[in-house]
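# Examination of the molecular architecture
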Amino acid sequence: MRKRMVQFRKLFPLALAVLLLGGALQSVGALRNDPAPVEGKLKPTDEQIDAAEEIADKLKYHYRRLDFNDALSSKVFDQYLKDLDPNRLYLIQSDIDEFEKYRSDLDDQLRKGELEAGYTIFNRFQSRLESRLEGMLAMVDNDLDGLDFDGKDEVRVSREDAPWAKDMAALDDIWLRQFKNAVLSMRLNEAEDEDIKTRLTRRYESQLKRIRQNTPEDVFQVYMNALTQTFDPHTTYFTPHNSENFDISMSRSLEGIGAVLQYEDGYTKVVRLVPAGPAAKSGQLKPADRIVGVGQEDEEPTPVIGLRLDEVVDQIRGPKGTKVNLEIIPAGSASEHDTRVISIVRNKVVLEEQAAKKDIITIERDGEAHKLGVIEIPAFYLDFAAFHRGDPDYTSTTSDVAKLLVELRKENIDGLVIDLRNNGGGSLLEVNKLVSLFINRGPTVQVRESSGRVSVEADKFPGVLYAGPMAVMVNRYSASASEIFAGAMQDYGRALIVGDQTYGKGTVQTLLDLNHGKLKMTNAKFYRVSGSSNQNLGIVPDVDMPSLVDKKEVGESSLPNALPWDEISSAKYQRVSDMVPYLPMLRERHVERTEQDPEFVYVLSLRALLDKNRNRETLSLNMEQRTSQQHAFDAERLAIENRRRDSRGEDPLDSIKALRDLEEQRALDPESHDEAIDDDPYVRETGEILVDLMDLIRDKQVARKG
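Every value quoted in this text rests on a predicted model; they were computed, and no experiment measured them.

### Section: the overall build of the protein chain
On a plain count of helices and strands, the protein chain comes out with 20 helices and 20 strands. A buried classification covers 53% of the 706 residues belonging to the protein chain. Sequence separation of 24 or more characterises 74% of the internal contacts of the protein chain that already satisfy a separation of 6 or more.

As structure tokens, then:
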């Protein structure tokens, strides 16, 4: 047995720290019990034992203020099993029954730094995983011609909510179905049996090699994150090795291709793309895609399923100008074996390419031309180094937008559109300053700390740079700072919000040093000046636009244990105008136009087809039936595309292969296919909506004078 002084780091004001320190010192004399023996080869280190106790202590000050009790223990237990075996393919019911003894004990163990449960469960899981992968390699060696694809067998697309297999025989049957589905999916993609054998062998061997390299550090990270993720999805433990990869905005930023990823159910999932980054420019990688293989230059991608996120990051990183090949499961695919390989040339994201830029569109209405300025803001950027040096000419979003507004005013625009689509956020300082260009002083956002204290960020600059009619475009990838700006414009009645419901990232994190690694912990929430939270709900547009994005896969509400939406008291602010009376007519006119617009009909038709495909609960293992389903899907997909091409005066495509070839060609040279802003149906329709608003306001003013 040994004694240990609990390290206390300054998280709060000194007065509170003194009170807490008294409690911490009081516990010094307590002796730590001898830990229970861990079953299996992987065992915790002394540093991890200390870190577990420290993490549990710091989590008491998480925004959610959850108690360490049996209810929390049960949630951690379920989360840990889900993180290890999300599709219930390795552990069986007898394993779960044996582990049930830990369900109500984890809170007590973790507060004492005892890790026996976490390591014992992991060791059993690893043993089951090794055995299963060895069995699958043996199955691949057998003749694939012996597989039967003529019966009525089906395979579940997702086993997340399926019961645990009752015994090994039941699990063998599940895996046979999984194996048959893999072979069938690849055959439908015209892969030869030898290629199928090679690909599956590489996948299983890669996973087997990786798990045999597991260390106590790997176990500790997974176990601690089962604890932290129970509080909220943005509270995360980083080991000393990967804490340098920390990215405050999401999960992890990739240097080289410009994408933000997260680990989900054994896969590396794309959360969002960095504006102007190589991935965004290529057009090949999309949010909610899953990366299952990574290769360098001319190499075939090596499987990365089951690898830690930092390991996948390390493989994707590389020098500027080099190529990385990614095997991905496109978002919405019904099978994990419906993959394709894309290539992206690594590069740095240039600040200038993220800079705000302007354009002008013209909306014709009743013989009158309405000139509208459009300012696209890809990110809320700030040159922090120049800012802290006191350089008066430092680069920033607000200074760039201010210059563009002056230029647009000289061109006598009738209205303004701010485009925040795909803007994942950035500098809080910049978004507050940007709001100040459109309101004459007042609060911009409220921040509520875990203690309950609410502070208000405000526009301290008198005057308005632009006071005319205005709309703000958003989509599901508009997050954080974008939501603060859009929320302020909506609350003040300063602008119409047009587009899709935004991401819903309304929390603030802080990075805390531990004796072993770091803890990123949620400690505050953003609230609009009206008192409504940005969290989870995001910003609900005044006028909705059709979208291909599946909200069940993208957005804060899709993440487990996300903090809920709520409200606090409104800040004191003065609305500029009230848009609400105009909304019914604006929406009615918008729907009338989009129902007749081939571009929006295309989006709605394609969305319906994709939803039908990705909402399947089972897949047939009958070759004839699957082939028929695939042909039907391809035919409908091609018909939808050709209807749009016909509306554009373009020749129809004669096959699904021609469509895929065209998409690959565009991906290889995306900039050659960039459309003029006038051809962007979303910008054009936003302009129509803004002109509708201007007409309604003018009609109301005329009626008053009459």
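After that view of the structure, there is still more to cover.
### Quick look at helix H13 (residues 397-410)
Think of an α-helix as turning once every 3.6 residues; residues three or four places apart then point the same way. Helix length check: H13, at 14 residues, gives a terminal C-alpha distance of 20 Å against a target of 20 Å (1.5 Å per residue), a fit within 8%. Among the residues of H13, those classed as buried are Thr397, Thr398, Asp400, Val401, Ala402, Leu404, Leu405 and Leu408. Tucked inside the fold, the buried residues of H13 contact strand S10 (357-365), strand S11 (368-376), strand S12 (415-419) and helix H14 (428-436). Of the residues trailing H13, asparagine 412 is marked for its positive phi of about 60°.

### Quick word on the packing of helix H6 (residues 116-141) against helix H9 (residues 216-231)
Two elements in contact, H6 and H9, have axes separated by 10 Å at closest approach and are oriented at 110°. Taken together, the axis directions place H6 and H9 in an arrangement best described as roughly perpendicular. Both H6 and H9 take part in a crossing whose hand is right-handed. Residues Ala117, Gly118, Tyr119 and Phe122 of H6 touch H9, and the partners they reach there are Pro216, Val219, Phe220 and Tyr223.

### Looking at a nonpolar patch on the surface
A cluster of nonpolar side chains, namely Leu537, Val540 and Trp565, defines an oily patch on the protein surface of about 230 Å² accessible area. Of note, tryptophan 565 is situated in the loop between strand S19 (543-544) and helix H16 (583-594). Look at tryptophan 565 and you get partly exposed, because its relative accessible area is 36%.

### Quick notes on the sheet that holds S19
Judged by pairing direction, the sheet is mixed, and its six strands sit side by side in the order S10-S11-S12-S15-S16-S19 without closing on themselves. Among the strands making up the open sheet, the edge pair consists of S10 and S19. Pairing geometry for S12 and strand S15 (residues 470-474), over four bridges, is parallel. The residue of S15 that forms the bridge with aspartate 419 is methionine 473. Sheet contacts for helix H20 (residues 681-705): S10, S11, S12, S15, strand S16 (496-499) and S19; angle to S10, the most-contacted strand, approximately 60°.

### Let's talk about the pairing of S12
If a strand is regular, its side chains alternate between the two faces of the sheet. Within S12, five of the five residues are buried, leaving the element largely enclosed by the surrounding structure. Alternating positions in S12 separate into two faces, Gly415, Val417 and Asp419 on one and Leu416 and Ile418 on the other, with burial throughout. The pairing of S11 with S12 spans five bridges and is parallel. Each bridged residue has a counterpart across the sheet, and for glutamate 376 the counterpart in S12 is aspartate 419.

### Brief notes about the pattern of salt bridges
Applying the stated rule across the entire model yields 51 salt bridges. For arginine 199, the salt bridge identified is with glutamate 327, shortest N-O distance 3.7 Å. With a gap of 128 residues between them, arginine 199 in helix H8 (residues 193-211) and glutamate 327 in strand S8 (residues 323-329) connect regions that are remote in the sequence. Counted as one network, the salt bridges with shared partners bring together Arg365, Arg589, Arg593, Glu685, Glu688, Asp692, Asp695 and Arg698.

### Some points on the packing of aromatic side chains
Taken as a whole and assessed by the stated rule, the structure comprises nine aromatic pairs. On the basis of an interplanar angle of 80° and a centroid distance of 5.1 Å, the ring pair of phenylalanine 600 and tyrosine 682 is categorised as edge-to-face. Taken as a pair, phenylalanine 600 in helix H17 (residues 598-614) and tyrosine 682 in helix H20 lie far apart in primary sequence, 82 residues in all. Overall, the relative accessible area of 0% leaves phenylalanine 600 in the buried class. Aromatic ring contacts, followed pair by pair, group Tyr90, Phe122, Phe125 and Trp175 into a single cluster. The ring centre of phenylalanine 149 lies 5.8 Å from the NZ or CZ of lysine 180, which sits over that ring. Between the NZ or CZ atom of arginine 644 and the centre of the ring of tyrosine 602, over which it lies, the distance is 3.7 Å.

### A short note on the pairing of strand S13 (residues 442-449)
Within S13, six of the eight residues are buried, leaving the element largely enclosed by the surrounding structure. Relative to strand S14 (residues 454-459), S13 is paired through six bridges, and the arrangement is antiparallel. When the sheet's bridge partners are listed, glutamine 446 is paired in S14 with valine 456. Between S13 and S14, which pair antiparallel one after the other, the connecting turn spans four residues, and glycine 452 there sits at a positive phi close to 100°. In the sheet, S13 pairs with strand S18 (residues 518-527) via four bridges, with the strands oriented antiparallel. Across the sheet, glutamine 446 pairs through a bridge with tyrosine 527, a residue of S18.

### Notes on the side chain of threonine 268
Structurally, the position occupied by threonine 268 is in strand S5 (residues 267-273). When residues no more than four places from it in sequence are discounted, the contact partners of threonine 268 are Leu261, Gln262, Asp289, Arg290, Ile291, Leu309 and Val312.

### Quick notes on the packing of helix H7 (residues 168-188) against H8
Contact geometry for H7 and H8: axes closest at 10 Å, N-to-C directions at 130°. Relative to H8, the element H7 is oriented oblique. Like other packed secondary-structure pairs, H7 and H8 cross with a definite hand, here right-handed. Residue-level contacts link Phe179, Ala182, Val183, Met186 and Arg187 of H7 to Asp193, Ile196, Arg199, Leu200 and Tyr204 of H8. Across the contact of H7 with H8, the residue classes break down as seven nonpolar, no polar and three charged.

### Some details on the side chain of arginine 365
Topologically, arginine 365 is positioned in strand S10. The class for arginine 365 is buried, based on a relative accessible area of 15%. Here the side chain of arginine 365 touches aspartate 695 through a polar contact of 3.2 Å, side chain to side chain. Not counting residues up to four positions away in its chain, the partners in contact with arginine 365 are His370, Arg593, Glu688, Val691, Asp692 and Asp695.

### Concerning the environment of arginine 575
Along the chain, arginine 575 turns up in the loop between S19 and H16. Residues in contact with arginine 575, not counting those within four places in the same chain, are Gln490, Asp491, Tyr492 and Gly493. Polar contacts involving the side chain of arginine 575 include one to the main-chain carbonyl oxygen of aspartate 491, which spans 2.6 Å. From its side chain, arginine 575 meets the backbone oxygen of serine 577 in a polar contact 3.3 Å long.

Thresholds, definitions, all that
Residues numbered from 1 in each chain as written. Predicted model: local features only at pLDDT ≥ 70, side-chain atom pairs only at ≥ 80, totals over all residues. Heavy atoms only, no water. Helix = DSSP H or I, 4+ residues; strand = E, 2+ residues; numbered from the N terminus. Buried < 20%, exposed > 50% of the residue type's maximum accessible area, 1.4 Å probe, protein only. Contact = heavy atoms within 4.5 Å. Expected span 1.5 Å × (residues − 1). Axes fitted to C-alpha atoms, helices over the stretch in contact; angles between N-to-C directions. Parallel < 35°, antiparallel > 145°, perpendicular 65-115°, else oblique. Left-handed = near helix turned anticlockwise from the far one by under 90°. Patch = residues over 30% accessible without salt bridge, like charges linked within 9 Å, V, L, I, M, F, W, Y side chains within 5 Å. Areas by Shrake-Rupley, 256 points an atom, 1.4 Å probe, with all protein chains shown as cover. Salt bridge = Lys/Arg side-chain N within 4 Å of Asp/Glu carboxyl O. Pairing = 2+ DSSP bridges. Phe/Tyr/Trp six-rings, centres within 6.5 Å; stacked < 30°, edge-to-face > 60°. Lys NZ or Arg CZ within 6 Å of the ring centre and 35° of its normal. Nonpolar A, V, L, I, M, F, W, Y, C, P; charged D, E, K, R; others polar. Polar contact = N/O pair within 3.5 Å; in protein donor to acceptor, adjacent residues only side chain to side chain.

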